[in-house]
Amino acid sequence: MQILITALVLGGISAVLAAIISVADAVLNNYGDVKLTVNGSKSYTVKGGSTLLTTLAGEKIFVPSACGGKGSCGLCKVKVLSDIGPILPTELPYLTTKEKSENVRLSCQVKVKGDISIEIPEGLFNIREYASTVSTIKDLTHDIKEVFFSFDDDINFRAGQYVQLIVPPYGEIKESTMRAYSMSSQPSIKNGVELLIRLVPNGIVTTYVHKYLKEKDEVRLLGPFGDFFLRNTDADIIFIAGGSGMAPIKSIILDMKEKGIKRNAYYFFGARSKKDLFYLDLMREIEKEVPNFHFIPALSSPLPEDNWQGEFGLITDVVDRYLTEQGEIEREGYLCGSPGMINACITVLGKHKIPENRIYFDKFG
Amino acid sequence: MGVPLNPFVIMVAAALTSNMVLSNFLGMCSFIAVSKDIKTANGLGMAVTFVLTLTSVLNYLVYYYILVPLELVYLRYIVFIIVIAAFVQFLEMLIDRFSPSLYMNLGIFLPLITVNCAILGGVLFMIIRDYNLMQSLFFGFGSGAGWWLAIVALSTMRMRLREKDIPPQLVGPGLTMIIIGIMALAFLGFSGMVPVQ
């Protein structure tokens, strides 16, 4: 009897509280239909209450987001024209002073509560979902795979941009997950994209690609996104990337080759030992065809059996050495890698008088 | 039930002589983690005070009108936690809807409070000390205000010390623990001011 009462009381209290919360949720979070105006011209009638990012996705406008709306990547910035209240503490770390004054907000943190008017780059209308089929998977090194996703429609992107790979729930993972990967294929290939995917220990998407993904599998992609691409100047180009950071650089270089761009370009590729090197033959071939392109691989800790004759040391030291030898020339930096590597490279390039506004990078966290 | 004590006296005692964090050492985790600057400390302090005041009353009603008559007093811990969690959830939605500016200030701290032991501690003290409804209300508010006062005081000290030359071994939690210790000693000076616990 006592047990019964206990269970009933506990269940009863929980049920009453749950009921209150659900009722409150239905009443308080119901903002009805609101009007969403994009770039002053297009307007949509949407249901209020969810975040701006989800609301926009519901209207097939895909704002870039590498973290999937958790407020940890800071990519989903959108300029809000209507007054939607002050900037939230969760947004602060990702906004610059200029962006704050222009009321740029993180769309994953902002809730749509009333009529709202926003401004987004026209390029975002270009972004769409591609239903792709995996046509080839190749092992480039012990932990990097080259995967080609082909689809029926054409994709238009600039060399250096990225797509989001959407991985369905598998094993212990109960939700579909998105991660950003740069295209390693050049834009002239329109019926698909090639991505380089490095296995990250415990990474949800990378584990899926390495352990589960097979040829002929169907996967969804979202894109293209990003503002990492070659600027149209005459300055010398310094590319620095290691590991799977090769992807956007390879795309840019192949694009340069096809378009016949003859700027001086140096690509510094950092790796630990010979087993982390890949695409050596491809790069040597491009070096022959594009006279002003130089590929400089460097190993930081080559093994004795590697028998390594090339550059030796940390990639930042190698870059430093080269730039010192060449003297002062007008240069631009293009970097792709981890935040730590990027910051170290910016310091080295800064030492050689390359201003920060001429260093472009793709940081993956 | 019911100690013949002025609720106002209980409030002052809860805020100063038996301060929640400096005499009872409850709610230490957020006390240390969220005291880096005064703005956030203030927000959390406000949220704790608010929730502590209202959950004291709410749990008082649940305890004396449901648990005691049904002889289910041993369920109090789990019931209190459920009530606190549900209440915080409800409060968050309510504030979000009706006062966006308050939500901006409290917003991210409200969910944190669910697991703040100062809240559960306050509720349990109220039961142990046999307070009546009015006393519980003032006790809840007093405890919260005391916690608020302590975290704001700590955060201002930490902000001042940020600019100072501190031995590297002490930077961060080390120095914070020392400050809290000294603050606790200072608050000991209040004891004897009010003759209750």
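Residues numbered from 1 in each chain as written. Chains lettered and ligands numbered in written order. Predicted model: local features only at pLDDT ≥ 70, side-chain atom pairs only at ≥ 80, totals over all residues. Heavy atoms only, no water.

Here's the deal with the sheet that holds strand S17 (residues 359-363) of chain A
All names here are of chain A.
Now for step 1: Within the open sheet, the six strands sit side by side as S15-S14-S13-S12-S16-S17. Their pairing is parallel. Since the sheet does not close on itself, it has two edges, and those belong to strand S15 (311-312) and S17, each with one partner.
Now for step 2: Judged from the six bridges that link them, strand S12 (residues 236-242) and strand S13 (residues 265-271) form a sheet pairing that is parallel. When the sheet's bridge partners are listed, isoleucine 238 is paired in S13 with tyrosine 266.
Now for step 3: Helix-sheet contacts for helix H5 (residues 246-259) involve S12, S13, strand S14 (293-299), strand S16 (331-337) and S17, and the interaxial angle to S12 is about 145 degrees.
Now for step 4: Running over the sheet, helix H8 (residues 339-351) touches S12, S16 and S17 and is turned about 165 degrees from S16. (Pairing = 2+ DSSP bridges. Helix = DSSP H or I, 4+ residues; strand = E, 2+ residues; numbered from the N terminus. Contact = heavy atoms within 4.5 Å. Axes fitted to C-alpha atoms, helices over the stretch in contact; angles between N-to-C directions.)

Quick word on helix H7 (residues 315-326) of chain A
Now for step 1: With twelve residues, H7(A) should cover 16 Å at 1.5 Å per step; its first-to-last C-alpha distance of 17 Å lies within 8% of that length.
Now for step 2: The elements touched by buried residues of H7(A) are S12, S13, S14, S15, S16 and H8 of chain A. (Expected span 1.5 Å × (residues − 1).)

Thoughts on the packing of helix H1 (residues 7-17) of chain B against helix H8 (residues 133-162) of chain B
All names here are of chain B.
Now for step 1: Between H1 and H8, the shortest axis-to-axis distance is 7 Å and the interhelical angle comes to 25 degrees. It follows from the interaxial angle that H1 and H8 lie roughly parallel. Classified by chirality, the crossing of H8 by H1 is right-handed. Residues Pro7, Phe8, Ile10, Met11, Ala14, Ala15 and Leu16 of H1 form the contact with H8, whose participating residues are Met134, Gln135, Phe138, Phe139, Phe141, Gly142, Ser143, Gly146 and Leu149.
Now for step 2: A class-by-class count of the residues in the contact of H1 with H8 yields twelve nonpolar, four polar and no charged. (Parallel < 35°, antiparallel > 145°, perpendicular 65-115°, else oblique. Left-handed = near helix turned anticlockwise from the far one by under 90°. Nonpolar A, V, L, I, M, F, W, Y, C, P; charged D, E, K, R; others polar.)

Overview of unusual backbone geometry
Now for step 1: Of the consecutive residues Gly223(A) and Pro224(A), the connecting peptide bond is found in the cis state with omega at -5 degrees.
Now for step 2: On the secondary structure map, Pro224(A) appears in strand S11 (residues 218-225).
Now for step 3: Look at Lys353(A): it is not a glycine, yet its phi comes out positive at around 65 degrees.
Now for step 4: For Lys353(A), the position within the fold is in the loop between H8 and S17.
Now for step 5: Residue Lys353(A) is classed as exposed on the basis of its relative accessible area of 59%.
Now for step 6: Here Glu71(B), not a glycine, exhibits a phi torsion of approximately 55 degrees, which is positive.
Now for step 7: Here Glu71(B) lies in the loop between helix H3 (38-67) and helix H4 (76-98). (Buried < 20%, exposed > 50% of the residue type's maximum accessible area, 1.4 Å probe, protein only.)

Here's the deal with the side chain of Ser107(A)
Residues and elements named next belong to chain A.
Now for step 1: On the secondary structure map, serine 107 appears in the loop between strand S4 (104-106) and strand S5 (116-119).
Now for step 2: A relative accessible area of 0% means that serine 107 is categorised as buried.
Now for step 3: For serine 107, the residues in contact, after removing those within four places along its chain, are Thr51, Leu52, Leu53, Val63, Cys76 and Val78.

Considerations on the pattern of salt bridges
Oppositely charged side chains can form a pair if their charged atoms are brought close together.
Residues and elements named next belong to chain A.
Now for step 1: The tally for this structure, following the rule as stated, stands at 19 salt bridges over all chains.
Now for step 2: Arginine 198 is the salt-bridge partner of aspartate 143, the closest N and O atoms lying 3.6 Å from each other. Pair noted here: aspartate 143 is in the loop between strand S6 (128-139) and strand S7 (144-150) and arginine 198 is in strand S10 (residues 192-198), with a separation of 55 residues, a long-range link.
Now for step 3: Overall, aspartate 143 belongs to the buried group, its relative accessible area being 15%.
Now for step 4: Arginine 358 serves as the salt-bridge partner of glutamate 330, at 2.7 Å between the closest nitrogen and oxygen. With a gap of 28 residues between them, glutamate 330 in the loop between H7 and S16 and arginine 358 in the loop between H8 and S17 connect regions that are remote in the sequence.
Now for step 5: Taking relative accessible area as the criterion, glutamate 330 reaches 49% and is therefore assigned partly exposed. (Salt bridge = Lys/Arg side-chain N within 4 Å of Asp/Glu carboxyl O.)

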